[in-house]
Every structure is written in structure tokens, then in C-alpha cells.
Amino acid sequence: MTEAVSVPVDGASIAGDLVVPPGAGLVVLFAHGSGSSRHSPRNRAVAAALQEAGLGTLLMDLLTEDEERVDMVTGEHRFDIPLLGDRLVKAIDWLGEHPGAADLPVGLFGASTGAAAALVAAGGRPGRIRSVVSRGGRPDLADEALGRVRAPVLLIIGGDDQQVLRLNEAAAGLLTAPHQIYVVPGATHLFEEPGALDEVAAAAREWFLGVERQGGR
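Residues numbered from 1 in each chain as written. Predicted model: local features only at pLDDT ≥ 70, side-chain atom pairs only at ≥ 80, totals over all residues. Heavy atoms only, no water.

## Focus: the overall build of the protein chain
Thought 1: The number of helices and strands found in the protein chain is six helices and eight strands.
Thought 2: The helix and strand sequence of the protein chain, counted from the amino end, reads β-β-β-α-β-α-α-β-α-β-β-α-β-α.
Thought 3: Compactness check: the protein chain gives a C-alpha radius of gyration of 16 Å against a globular reference of 17 Å for 217 residues, within 12% of the reference.
Thought 4: In terms of its C-alpha atoms, the protein chain occupies a principal-axis envelope of roughly 45 × 40 × 35 Å.
Thought 5: Burial status across the protein chain gives 53% buried among its 217 residues.
Thought 6: For the protein chain, the share of sequence-separated contacts (at least 6 apart) that also reach a separation of at least 24 residues comes to 69%.
Thought 7: When the accessible area of the protein chain is evaluated, it comes to approximately 9,100 Å², of which 52% is carbon and sulfur surface.
Thought 8: Within the protein chain, the 28 negative side-chain charges are centred at a point lying 4 Å from the centre of the 18 positive side-chain charges. (Helix = DSSP H or I, 4+ residues; strand = E, 2+ residues; numbered from the N terminus. Rg over C-alpha atoms; globule rule 2.2 N^0.38 Å. Buried < 20%, exposed > 50% of the residue type's maximum accessible area, 1.4 Å probe, protein only. Contact = heavy atoms within 4.5 Å. Areas by Shrake-Rupley, 256 points an atom, 1.4 Å probe, with all protein chains shown as cover. Lys, Arg positive; Asp, Glu negative; His and termini not counted. Charge placed at Lys NZ, Arg CZ, Asp CG, Glu CD.)

## Considerations on the layout of surface pockets
Thought 1: The computed volume of the largest pocket comes to approximately 180 Å³.
Thought 2: Ranked by residue count, the leading element in the lining of the largest pocket is helix H1 (residues 41-52), at three residues.
Thought 3: A breakdown of the residues in the lining of the largest pocket according to their chemical character gives three nonpolar, nine polar and two charged. (1 Å grid on protein atoms, 1.4 Å probe; cavity = no way out; pocket = protein on both sides within 12 Å on 5 of 7 lines; lining within 4 Å. Points joined across faces, edges and corners; volume = space filled by probe spheres on them. Nonpolar A, V, L, I, M, F, W, Y, C, P; charged D, E, K, R; others polar.)

## Remarks on the pairing of strand E8 (residues 179-184)
Thought 1: Pairing geometry for strand E7 (residues 153-158) and E8, over six bridges, is parallel. Directly across from Val153, in E8, lies its bridge partner His179.
Thought 2: In this region the chain leaves E7, passes through helix H5 (residues 162-172) and returns to the parallel neighbour E8; the handedness of that crossover is right-handed. (Pairing = 2+ DSSP bridges. Right-handed = clockwise from strand over helix to strand, strands pointing away.)

## Observations concerning the packing of aromatic side chains
Thought 1: In the structure shown here, the tally under the stated rule is one aromatic pair.
Thought 2: Seen from their ring centres, Phe30 and Phe109 are 5.0 Å apart, and the 35 degrees between their planes marks the pair as tilted. Of this pair, Phe30 sits in strand E3 (residues 27-31) while Phe109 sits in strand E5 (residues 106-111); the two residues are 79 residues apart in sequence, bridging distant segments of the chain.
Thought 3: When its relative accessible area of 1% is taken as the criterion, Phe30 is described as buried.
Thought 4: For Phe109, a relative accessible area of 0% corresponds to the buried category. (Phe/Tyr/Trp six-rings, centres within 6.5 Å; stacked < 30°, edge-to-face > 60°.)

## Examining the nonpolar core
Thought 1: Membership of the largest hydrophobic core comes to 49 residues, with the highest contact counts inside it found for Leu29 and Leu108.
Thought 2: If near-sequence neighbours (up to four positions away) are discounted, Leu108 is found in contact with Val28, Leu29, Ile92, Ala118, Ala121, Ala122, Ile129, Ser131, Val132, Val133 and Phe208.
Thought 3: The next biggest cluster of nonpolar side chains, apart from the first, holds 26 residues, and it includes Leu59, Ala196, Leu197 and Val200. (Core = buried A, V, L, I, M, F, W, Y, C linked by side-chain atoms within 4.5 Å.)

## Here's the deal with the environment of Phe79
Thought 1: In this structure, Phe79 sits in the loop between helix H2 (65-74) and helix H3 (81-95).
Thought 2: Take Phe79: its relative accessible area is 52%, and that puts it in the exposed class.
Thought 3: Separated by 66 residues in sequence, Phe79 and Ser13 have C-alpha atoms that sit 20 Å apart.
Thought 4: For Phe79, the contacting residues outside a window of four places in its chain are Ser34 and Thr113.

What follows is the structure, encoded as C-alpha cells:
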């Protein structure tokens, strides 16, 4: 069952959809890319695969309604990684107080610019974050926060997304946490090729479940 939730941020609130299957040992917080929302069909497809594996998920917007209206015109918030990372930190703290999720460790799944925000949040709450997955992400935009991440990180990139692949390889060199680069052969940035997103979902599922089985390290 999906629970519509509201996460308080900076005197306002942002909407989210929370699913916590019975017996879940981890809840995965999703961070969408620039110009997207909690309704991202790609993130929802991955979330469904995680839910089927018994993991909890929280898909949420990263901007308030007022900020979203401004951003639609100016684009000024969608690349504000410190702001987006702070929103995820607030959601992590909110999960820590929410019935049904309070005792669960948190995983982060970030897409595109949302991956940078996820890594910033992981660096800001190292004791709460169990693992991180990036899909076609821009971890390079996390800058110095990369060195503060303690959770294992999986960087998933399309094999034909050459520029982003190079950026991920450079960012991986700045990570001190355990990490792995997973390349989906023949896939481009949005993983629109047949079977590509399924492979992303399977890799993310195995990463989160594997880290969960190992107790986080």
C-alpha cells in the first residue's frame, strides 16, 4: 500500500509516496533528476522492482510548489545541489521519526543531478545511510561531499553515455567509500533501449540487498 506523505522543509512541505512492505529491512529514498518529480516513470519502475524484493521506497519531490513554479520559468533550483541535498537530509530525518520506517536504515537512489544530491545527503548523514545507487548520475556535482560519503556506492552508467561515464570515473576517484562502476552496454543517458532500465533495476536491487545482507559494510 502506498502512503501519501508530506515532508516538512523550510517552513513548507513537499509531497512523497511511501511504501514499506512487511518485514522490510531497508527503505530507499529516491532523488529525481533536474526538471523531473516523484512521478518520474524511470524511478517508479526501479522502485517497483525494489518493492517486489521486499524493500521500502520513498519517492518524493525535491522542491516546494512555490519553488517548482519559479523553477519552471527560471531553472534556478534544479541545479542547486546544496539545496537538493539538504532536502534529502530533511527527508532522512523525517523517515527516522515516521512510524513503520523509524527503525529502518536508509538507502539512496539518485538519477542525473539527483545523484549528486544523494551523495551530499549521504555525506551529511553517514550514520543513517546504508548504501547509495546512482543512475546516469552526475556525482561530480557533489564536489567535496564525495570524500565524506561512508556508505558503499554503485554508479550505473550507460555504455554509450560517454561524457557522463568519464565524469563518473573522475568522481569515483574522489570517493573513499567502497564503490563500483556498473556499465550497461549500449545504453544511453535515459536507458531507453530495450531491457536497459530492467538491467538498472536489477543491479540496484542486488546492490541494496547485498549491502543489507552484509549489515551495511
